[in-house]
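Residue-level structure breakdown
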Amino acid sequence: MSTFFLRLTIGLYSIGLLHSFLTIITRKKTLFRVAMAGIGLGFISHGLSILFAWVELAHPPITDNHGALSFFAFGIVLAFLISYARYRLESLSVFVFPLVFILTLAANLISSSQTPLQERLRSLWFYIHIPTLFLGYAAFFVAFSAGIMYLIQERELKRKRPQAFYYRLPSLEICDDLGYRALSVGFPLLTVGIVAGALWANRALSQPWGWDPKIIWSLITWLIYAILIHYRLSSGLRGRRAALMSIIGFVIVLLTFTFFRNQGSAHSFIQQ
Amino acid sequence: MNLVLVGLSHKTAPVNIREKLHFPEPQLPEALELLRTRYDAQEGMILSTCNRVEVLAQTSDSPEGVRQVTDFICNFHKVPYDTLQQFLYDFTQIDVVRHVFRVAASLDSMVLGEPQILGQVKTAFTTAQNAGTIGATLNQLMNRAFFVAKRVRSETTIASSAVSISYAAVELAKKIFNDLKGKTVLILGAGKMSELAAKHLAGAGVSKVLVWNRTYPRAIELAEVFKGEAIQTEDLFRHIERADIIISSTGSPTFILNRADGERMIHLRKNRPVFIIDIAVPRDVDPEINKVSNIFLYDIDDLRNVIDANLRQRQREAQSAEEIVQQEVDLFLEHSRARDATPAIVTLREHWEAIRQDELARSRKRLGPLTTEQEEALENMTQSLVNKMLHHPISELKRLSRHSSNQDDITTIKRIFGLKE
């Protein structure tokens, strides 16, 4: 059942991908309403897919690449829908839909190898650790997209030669505001996720802090976002520099998520 | 439908010709009345603006209609046809529909997408309505034209970008701040241009206006216009960081704001952006200031560049608008043909209803008195017989009427059933 709904989801998300492609190629808003309907229905179907896997495994289905990618994509769509409800930014969809499609497609291609988790690893901290991190990453992706939109729009305004982007992208203030709000949601989630991970490791593995690359990079990410938020609040760090930091932060998140995945010790045992 | 349109516009005629053919508003009712009574026009409408003069009419024959309307224009203005010939254009039938749609949607305007033309067309329509020269045909055409104009405005961005200096400034401010509510604008140099730009910004929602001028009394004067605040001449740099938007147009021969001022401002404003519009010549603001992060400086040439880009953007959007117009022209034509075919369908039904009634009367005579049930059965039987027989011819008539090339087939059907034209 879970696989069926995930396939349905990828079909629905592909409408969103089509929208992004056509919008970039024709430089006009194309198929947006249809794409939104596709993404909305896809989101429901995606939720069902995760729910069925959850029931089957009797714990959140996030213990292998398949489940992780699927959940990450789900989180991004959720973050997008919330941002859309608040800001009505159609241009955000051009960033979100392709990534969501790729993640879901990857999840589809990797067949699920999830087996019920070993008893010793099951704990409340585990249930908090991974989902909060993914939702945090999804929020950081929104901040990343807002940062890119900010840089493009700022360049258009500084060059004084308006081109297609000038007309299609939102104002600087909106990009900046969206980026900051996404950070202020993502940062607490990241913090909770890291702390929960440490507590979980303490309980399950009897060692709270293994210095594997994933943990190190997560801390670097945390530090970048902490600095960004700190300076925003204290001396009004905003605009270009804030946008750049949001972009760098998310690039490191992606590296943490992909490259450093299986190298470390503590974070590779789940698949074994 | 025998529509004709004769006229000239900024595209075909210079202003000295356009002004000769201008219909002053008070004379319009009289002119319309003349058009209807003395010339072969059952319906008529006159659009006369500074960029175009057009007479639209529903006549009994199109080539003759063009001659009639042309005569009307020449005679009314007492201008010989020879002098006008090279400037006039004329359209008939479907081309009238397309032209009217394009004009109303502002696709034929000097500034593509400018919004005034739709209002002018609406006024012309109301004037003709009051003069009693609007009938079913023009009513349908014009209402559809208003709908098309609305569709073009909402489905394309043809009219959404600024094409004047003041509006370009407002548009840019919105690209930076999004909402101008709560923002403060500072006017440096109380001139006409800066006042105009500030008015547009105030109209777009700016909350506070500060005015600084070389002479303080003049600053107070202008501040009063905006219910704003005048700044003492020597206090400029104590207040400058309050401004989100600065409009500068002083007569100063040297820069009054340089890069260091900009950096200090941004520091004091905790990086909140500043939009500086320098409309002074010679310029008031050192262009280097644009390199400071979060400061956006536009001088008068930059604003003109934005307007040029906006016009090009409108050109691109015009293509989508033309597609909408084409769809609507096709749709209008289809509907008007269906309306043309309706009389044939009605006559066909009436013809057979008469035959049915005749035959019923004859049968009743022969059958003698009938029970209510028998009467009902007879009625139903004949009715359904006629319906079944006519079902196919009628749906075929409806289908054929959608394309003008089928006019001969429609005539044949009419002939087969013995219907009069």
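We now examine the overall build of chain A. A tally of regular secondary structure across chain A gives nine helices and zero strands. Element order for chain A, N to C, with α for helix and β for strand: α-α-α-α-α-α-α-α-α. Expressed as a percentage of its 272 residues, the buried residues of chain A come to 55%. Taking contacts inside chain A between residues at least 6 apart in sequence as the whole, the part at least 24 apart equals 79%.

Listed per partner, the contact involves 25 residues of chain A and 31 residues of chain B. Surface buried jointly by chain A and chain B totals about 2300 Å² across both partners, of which 46% is contributed by carbon and sulfur atoms. At the boundary of chain A and chain B, one finds two salt bridges. The partner of Glu317(B) in a salt bridge is Arg168(A), with the nearest N and O atoms 3.6 Å apart. When residues of the side of chain A that touches chain B are traced back to their parent elements, those giving at least two are helix H5 (124-159), helix H6 (164-168), helix H7 (172-204), helix H8 (213-235) and helix H9 (239-258) of chain A. With six residues, H5(A) is the single largest residue contributor to the side of chain A that touches chain B. Class assignment of the residues belonging to the side of chain A that touches chain B gives a composition of nine nonpolar, six polar and ten charged.

Take the sheet that holds strand E1 (residues 3-9) of chain B next. Residues and elements named next belong to chain B. Across the sheet, which stays open at both edges, the four strands sit in the order E2-E3-E1-E4 with antiparallel pairing between neighbours. For this open sheet the edge positions go to strand E2 (43-48) and strand E4 (89-92), each flanked by a neighbour on one side alone. With strand direction ignored, the average angle separating the axes of adjacent strands in the sheet is 10 degrees. In this fold helix H2 (residues 28-38) packs onto E2 and strand E3 (52-58), with an angle of close to 140 degrees to the strand it touches most, E2. On top of the sheet, helix H3 (residues 62-77) reaches E1, E2, E3 and E4; it is set at about 40 degrees to E1, its chief contact.

Residues and elements named next belong to chain A. Note that Ile130 resides in helix H5. The buried category is assigned to Ile130, whose relative accessible area is 12%. Note: C-alpha distance between Ile130 and Leu190 (60 residues apart in sequence) is 9.9 Å.

Once that is clear, we can look at the packing of aromatic side chains. Residue and element names in this part refer to chain A. Counted by the stated rule, this structure contains 25 aromatic pairs over all chains. Where Phe72 meets Tyr137, the ring centres are 6.2 Å apart and the plane angle is 70 degrees; that geometry is what we call edge-to-face. You can see Phe72 sitting in helix H3 (residues 65-87) and its partner Tyr137 sitting in helix H5, a full 65 residues away along the chain. The same class applies to Phe72 and to Tyr137, which are both buried. Following the ring pairs from residue to residue traces out a cluster consisting of Phe43, Phe71, Phe72, Phe74, Phe134 and Tyr137. Positioned above the aromatic ring of Tyr87, the side-chain terminus of Arg86 is 4.9 Å from the ring centre. The positively charged end of Arg232 is found above the aromatic ring belonging to Tyr180, 4.2 Å away from the centroid.

All names here are of chain B. Viewed as axis vectors pointing N to C, helix H5 (residues 94-104) and helix H7 (residues 136-155) meet at an angle of 45 degrees, and their least axial separation amounts to 8 Å. One way to sum up the angle between H5 and H7 is to call them oblique. Relative to H7, H5 is oriented so that their crossing is right-handed. Contact with H5, carried on its side by Val97, Val100, Phe101 and Ala104, involves Leu141, Met142, Arg144, Ala145, Val148 and Ala149 of H7 and no other residues of that element. Considered class by class, the residues forming the contact of H5 with H7 number nine nonpolar, no polar and one charged.

With that settled, consider the pattern of salt bridges. Residue and element names in this part refer to chain B. According to the stated counting rule, one finds 33 salt bridges over all chains in the structure shown. The residue Glu288 makes a salt bridge to Lys291 at a minimum N-O spacing of 2.9 Å. Here Glu288 falls in the partly exposed class, since its relative accessible area comes to 32%. Taking relative accessible area as the criterion, Lys291 reaches 55% and is therefore assigned exposed. Bridged by salt links that share partners, the residues Lys11, Arg52, Glu54, Arg102, Asp108 and Glu322 form one connected network.

Reading the values: the criteria
- Residues numbered from 1 in each chain as written.
- Chains lettered and ligands numbered in written order.
- Predicted model: local features only at pLDDT ≥ 70, side-chain atom pairs only at ≥ 80, totals over all residues.
- Heavy atoms only, no water.
- Helix = DSSP H or I, 4+ residues; strand = E, 2+ residues; numbered from the N terminus.
- Buried < 20%, exposed > 50% of the residue type's maximum accessible area, 1.4 Å probe, protein only.
- Contact = heavy atoms within 4.5 Å.
- Buried area = accessible area lost by both parts, 1.4 Å probe.
- Salt bridge = Lys/Arg side-chain N within 4 Å of Asp/Glu carboxyl O.
- Nonpolar A, V, L, I, M, F, W, Y, C, P; charged D, E, K, R; others polar.
- Pairing = 2+ DSSP bridges.
- Axes fitted to C-alpha atoms, helices over the stretch in contact; angles between N-to-C directions.
- Phe/Tyr/Trp six-rings, centres within 6.5 Å; stacked < 30°, edge-to-face > 60°.
- Lys NZ or Arg CZ within 6 Å of the ring centre and 35° of its normal.
- Parallel < 35°, antiparallel > 145°, perpendicular 65-115°, else oblique.
- Left-handed = near helix turned anticlockwise from the far one by under 90°.

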